[in-house]
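# Notes for the structure review
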Amino acid sequence: MDTLSIDAFATDFLNTHHQLDLLIACAGIMFAPLKRDNRGNEAQLSTNYLGHFQLAAKLYPALKAAGKSRVIMVTSRAQSWNGVDFNDPNFSTREYDPRVAYAQSKVADILFAVELDKRAQHDGIRAFAVHPGLVPGTGLGRFINSNAYLQNAMRFFDE
């Protein structure tokens, strides 16, 4: 996740648009090997949550100007696998598990949507977390490199 590109996009948007009626936060990676962004954050948390948070915060003036805007956080059924480890969200001291990291990022998205909805309603902004179902053919599963791994990973969706 490139924080500078998010800032650049938001600045350009705010310079060319007065309002934003709908923001759908759907950037994502799933089951990625351990990688860190330029700030040291685990890549799935960074891409799936921190980037969405940063973009929504930067675009807040345009969302507010719309009067009745919506922020949609795309989440996953994986959110039911585990919560967020607030003591070590970036896997600095615990063993890295790509499934746990993915699920954690999706829980963070849900928590953000709930809190944003609560805090922003007075500005006419509502926020929601939605699960679109499985999304084959999108490249989201590009880090799943074998049928056995895919079957093992997908069994969590059936629970």
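Residues numbered from 1 in each chain as written. Predicted model: local features only at pLDDT ≥ 70, side-chain atom pairs only at ≥ 80, totals over all residues. Heavy atoms only, no water.

Relative to the assigned elements, Arg99 resides in helix α3 (residues 98–120). Spatially, the C-alpha atom of Arg99 lies 5.3 Å from that of Phe31, the residues being 68 residues apart in sequence. (Helix = DSSP H or I, 4+ residues; strand = E, 2+ residues; numbered from the N terminus.)

Turning our attention to the confidence of the model for the chain. Taken residue by residue, the chain gives an average pLDDT of 87. The fraction at 70 or more is 83%. Under a pLDDT of 50 for its full length, residues 146–150 has, in the predicted model, five contacts with residues more than four places off or in other chains. (pLDDT = per-residue confidence, 0-100. Contact = heavy atoms within 4.5 Å.)

In total, this model carries seven aromatic pairs according to the counting rule given. Centre to centre, the rings of Phe31 and Trp81 are 6.1 Å apart; their planes meet at 20°, and the pair counts as stacked. Within this pair, whereas Phe31 is found in the loop between β1 (22–25) and α2 (43–66), its partner Trp81 is found in the loop between β2 (69–74) and α3, the two being separated by 50 residues in sequence. The burial state of Phe31 is the same as that of Trp81; both residues are buried. Looking at Phe31, the relative accessible area reads 2%, which means it is buried. Aromatic rings pair up to connect Phe31, Trp81 and Tyr102 into one cluster. (Phe/Tyr/Trp six-rings, centres within 6.5 Å; stacked < 30°, edge-to-face > 60°. Buried < 20%, exposed > 50% of the residue type's maximum accessible area, 1.4 Å probe, protein only.)

Taking burial as the measure, the six residues of β2 include five buried ones, the bulk of the element. The pairing of β1 with β2 spans four bridges and is parallel. Considered in β2, the bridge of Leu22 is made with Arg70. Following the backbone out of β1, through α2 and into the adjacent parallel β2, one traces a crossover that is right-handed. Where β2 lies against strand β3 (residues 125–130), six bridges are found, and the strand directions are parallel. Among the inter-strand pairings, Arg70 is bridged to a residue of β3, identified as Arg126. You can see the chain leave β2, run along α3 and come back into β3, and the turn it takes is right-handed. (Pairing = 2+ DSSP bridges. Right-handed = clockwise from strand over helix to strand, strands pointing away.)

Looking at where Lys106 falls in the secondary structure, it is placed in helix α3. Within the local environment of Lys106, its side chain forms a polar contact with the backbone oxygen of Val74, the two atoms lying 2.9 Å apart. Other than its neighbours up to four places away in sequence, Lys106 contacts Asn48, Val74, Thr75, Ser76 and Gln79. (Polar contact = N/O pair within 3.5 Å; in protein donor to acceptor, adjacent residues only side chain to side chain.)

One open sheet holds the three strands; their spatial order is β1-β2-β3, and the pairing between them is parallel. Looking at strand neighbours, the two that pair on one side only are β1 and β3, the edges of this open sheet. Direction aside, the axes of adjacent strands within the sheet are offset by 15° on average. Across the sheet, α3 lies against β2 and β3, angled at about 160° from β3, the strand it touches most. (Axes fitted to C-alpha atoms, helices over the stretch in contact; angles between N-to-C directions.)

Attention now moves to the packing of helix α1 (residues 3–16) against α2. At a minimum axis separation of 10 Å, α1 and α2 run at an interaxial angle of 20°. In terms of orientation, α1 lies roughly parallel with respect to α2. As α1 packs across α2, the resulting crossing turns out to be right-handed. The residues of α2 that touch α1, namely those facing Thr3, Ile6, Asp7, Phe9, Ala10, Phe13 and Leu14, are Gly51, Gln54, Leu55, Lys58, Leu59 and Ala62. Counted by class, the contact of α1 with α2 contains eight nonpolar, three polar and two charged residues. (Parallel < 35°, antiparallel > 145°, perpendicular 65-115°, else oblique. Left-handed = near helix turned anticlockwise from the far one by under 90°. Nonpolar A, V, L, I, M, F, W, Y, C, P; charged D, E, K, R; others polar.)

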